[in-house]
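# Examining the three-dimensional arrangement
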Amino acid sequence: MGLGCKRDGGTAMVYRMSWDGKFSESETNVGGPWPNGVVKVFAPEGLDREYVQIVRTTFRRWEHCVLEYWGVQLIKFVEVGAAGNGVATLNFASNSADIGYFPGASTKLGVYGKANIKSLPHEVGHALGLAHEHERDDAPDSVLNTWGANKMALDAYKLNKRNSTRKFETYGTDFDPKSIMMYADQAAGLMDSVDNTRYGGCKIDPGHVVSGDWNPSMGDLEVLGRIYRHYSTI
Ligand SMILES: [Zn+2]
């Protein structure tokens, strides 16, 4: 039901993943869980303030869904006044996010403007420590087949899948076909419908993101809890 960063974290570079299927940085590493589940974020001056508010709405939605699922506030986004090591800096110039917390680096949380607003919950999921569900080692062949004749994308996918096996944990969960951490095309290989529902789904409507009523999957929430609940008393 999910794929997340390892609890002991990473020590090398940060692994960037993007919604649009570009895998150019697949050899780099991943961060670990945010200490006490507190994600430090810096929103620089000059960003579209209206869009920053939508990002904040997305933060609140993740917090709410994790709280509702686990009964405990396991994660929280806190804005800080400057970029720096152990801080994820928001930008609207790229569409990729570093995975998890990395104490020795200033990381990025990139959501490429309003045109890609539907990917905002997915990118924030990366910031929390979630990886691409379709890159789990046990992802079904129907996912592999979605790459079709695109050999470059298929080779990159296989490379990422091997890296995922080494750098991420499934925490004993099963593959989750409803994870929002899949690309839409790969999710489409699994299900008749991947519409966003209260049980999660891959295709999130931009309107859902603006109003904050999108849903992660139960598997996404399960893995986040398995990463972060050791910080709490439950
Ligand atoms: Zn991604």
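Residues numbered from 1 in each chain as written. Predicted model: local features only at pLDDT ≥ 70, side-chain atom pairs only at ≥ 80, totals over all residues. Heavy atoms only, no water.

The protein appears in an unreviewed UniProt entry as Peptidase metallopeptidase domain-containing protein from Hahella chejuensis.

### Quick notes on the pairing of strand S3 (residues 38-42)
To keep things clear, this is the line we draw: At least two DSSP bridges between two strands are required for those strands to pair. Put simply, DSSP marks the helices as runs of H or I at least four residues long and the strands as runs of E at least two long, and each gets a number from the N terminus on. The handedness of a crossover follows from its direction of travel: if, with the strands pointing away from the viewer, the path from the first strand over the helix to the second runs clockwise, the crossover is right-handed.
Note that S3 and strand S4 (residues 76-79) share 4 bridges and pair parallel. Counted as the bridge partner of Lys-40 is Val-78 from S4. The β-α-β motif built from S3, the intervening helix H1 (residues 49-70) and the parallel element S4 has right-handed crossover chirality. Here S3 pairs with strand S5 (residues 88-91) via 2 bridges, running parallel. Bridging across to S5, Phe-42 finds its partner in Thr-89.

### Things to note about the coordination of the zinc ion
Short version of the rule: Atoms of type N, O and S within 2.8 Å of a metal are treated as its donors, and for Na, K and Ca the window is 3.2 Å; water is not considered, so some sites may appear to be missing partners. The classification of residues rests on relative accessible area computed with a 1.4 Å probe and restricted to protein chains. Under 20% of the type maximum is buried, over 50% is exposed, and intermediate values are partly exposed.
The zinc ion binds to the protein through His-122 (NE2), His-126 (NE2) and His-132 (NE2), with metal-donor distances spanning 2.0 to 2.1 Å. For the zinc ion, the donor residues sit on a single chain with the sequence spacing H-x3-H-x5-H. Of this pair, His-122 sits in helix H2 (residues 120-128) while His-132 is found in the loop between H2 and helix H3 (141-144), placing the two residues 10 residues apart along the sequence. Like His-122, the residue His-132 is buried in the burial classification.

### Let's talk about the packing of aromatic side chains
Let me state the cut-off plainly: Working definition: a ring pair exists when centres of Phe, Tyr or Trp rings (six-membered ring for Trp) sit within 6.5 Å. Plane angles under 30 degrees give stacked, over 60 give edge-to-face, the rest tilted.
For the structure on display, the rule yields 5 aromatic pairs. Centroid distance Phe-59 to Phe-77: 4.2 Å. Interplanar angle 5 degrees. Geometry classified as stacked. Residue Phe-59 is located in helix H1, and its partner Phe-77 is located in strand S4; the two are separated by 18 residues in the primary sequence. What makes Phe-59 buried here is its relative accessible area of 2%. With a centroid separation of 5.4 Å and 70 degrees between ring planes, the pair formed by Trp-62 and Trp-214 is classed as edge-to-face.

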